[in-house]
Amino acid sequence: GIEALITDDDARALNIAQELDKLNRERKDIESGMQEQALVHLESIDDAEGPAIALFDPEWHQGVIGILASRIKDKRHRPVFAFARGDTKNVDGEIKGSGRSIPGLHLRDALDLVTKRQPDLIVRFGGHAMAAGLTIRESELARFDAAFEEVVGELLEPAQLERRVDTD
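Conventions and cut-offs
Residues numbered from 1 in each chain as written. Predicted model: local features only at pLDDT ≥ 70, side-chain atom pairs only at ≥ 80, totals over all residues. Heavy atoms only, no water. Pairing = 2+ DSSP bridges. Helix = DSSP H or I, 4+ residues; strand = E, 2+ residues; numbered from the N terminus. Axes fitted to C-alpha atoms, helices over the stretch in contact; angles between N-to-C directions. Contact = heavy atoms within 4.5 Å. Buried < 20%, exposed > 50% of the residue type's maximum accessible area, 1.4 Å probe, protein only. Core = buried A, V, L, I, M, F, W, Y, C linked by side-chain atoms within 4.5 Å. Parallel < 35°, antiparallel > 145°, perpendicular 65-115°, else oblique. Left-handed = near helix turned anticlockwise from the far one by under 90°.

Asker: So what exactly am I meant to see when it comes to the sheet that holds strand β2 (residues 80-85) here?
Answerer: Each strand in a sheet pairs with another by means of backbone hydrogen bonds, the pair being arranged parallel or else antiparallel. Strand order across the open sheet formed by five strands is β1-β2-β3-β5-β4, with mixed pairing between neighbours. The two strands at the open ends of the sheet, each matched to only one other strand, are β1 (53-56) and β4 (122-127). In this sheet, adjacent strand axes meet at a mean angle of 20° when their direction is disregarded. Where β4 and strand β5 (residues 131-137) come together, five bridges link them in antiparallel fashion. Opposite Gly 127, over in β5, you have Ala 132 as the bridge partner. Across the sheet, helix α3 (residues 65-76) touches β1, β2 and β3 (94-100), and the angle it forms with β3 is around 45°.

Asker: Sorry, what's going on with the environment of Ala 84 here?
Answerer: Looking at the element boundaries, Ala 84 is found in strand β2. The exposure class of Ala 84 is buried, given its relative accessible area of 0%. It is 7.4 Å that separates the C-alpha atoms of Ala 84 and Glu 59, two residues lying 25 residues apart in sequence. When neighbours within four sequence positions are excluded, Ala 84 is seen to be in contact with Phe 56, Trp 60, His 61, Gln 62, Ile 65, Ile 95 and Lys 96.

Asker: Where do I start with the nonpolar core in this structure?
Answerer: The nonpolar side chains of a soluble globular protein tend to be buried, and buried together. Counting residues in each nonpolar core, the largest one holds 25 residues, and the members touching the most others are Phe 81, Phe 83, Phe 144 and Phe 148. When contributions to this core are tallied by element, the ones reaching two or more residues are β1, β2, α4 (107-117), β5 and α5 (141-155). Ile 53, Ile 65, Leu 68 and Ala 82 belong to the second largest nonpolar core, which has twelve residues in total.

Asker: Mind showing me how you'd approach the packing of α4 against α5 here?
Answerer: In helix packing, the relevant descriptors are the interaxial angle and the interaxial distance, both defined with respect to the helix axes. For the pair α4 and α5, the least separation of the axes is 10 Å and the interaxial angle reads 120°. Taken together, the axes of α4 and α5 lie oblique to each other. Here α4 and α5 pass one another in a crossing that is right-handed. Of the residues in α5, those touching α4 at Leu 107, Ala 110, Leu 111, Leu 113, Val 114 and Arg 117 are Phe 144, Ala 147, Phe 148, Glu 150, Val 151, Glu 154 and Leu 155.

Asker: Would you mind showing me how to read unusual backbone geometry here?
Answerer: Leaving glycine out, the prevailing phi sign among residues is negative, and the prevailing peptide bond configuration is trans. A positive phi is found at His 77, a non-glycine position, where the angle reads about 50°. Counting through the fold element by element, His 77 comes out in the loop between α3 and β2. For His 77, a relative accessible area of 12% corresponds to the buried category.

Right under this line is the structure:
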């Protein structure tokens, strides 16, 4: 992208722009397919079941799970983590998650609390109030889901789980 902006060669800039457009279209196709799969998962989840959502599909692409988490968060108004395998081999059995939060929940602080309560659960994490990333072992997904839901349930009031639209 930077090269396309700084090159003096118009033909080279056009070539790069076309390649970037192709890559962006491929990313959108991947994201669209993942979102359809996630919506199928979501149909089996009732909003009343819990204050948070954690989803994983072995076919999801790690490069777009953040976008997927954001779209699901917007649709369901819940903090969301979407997980994908870290690499195609998944040698260590690790999956990587990307999370998005709702107002009132500091996502990185929630992960910190999960880690303090269950130090062996999360391999590593980082982030800020509204977005975070983490790595866990695939075999620990259900345990993470339960621990994260417990922490979110303690940190959020039920009213914060209801979508609110302010108008002026």
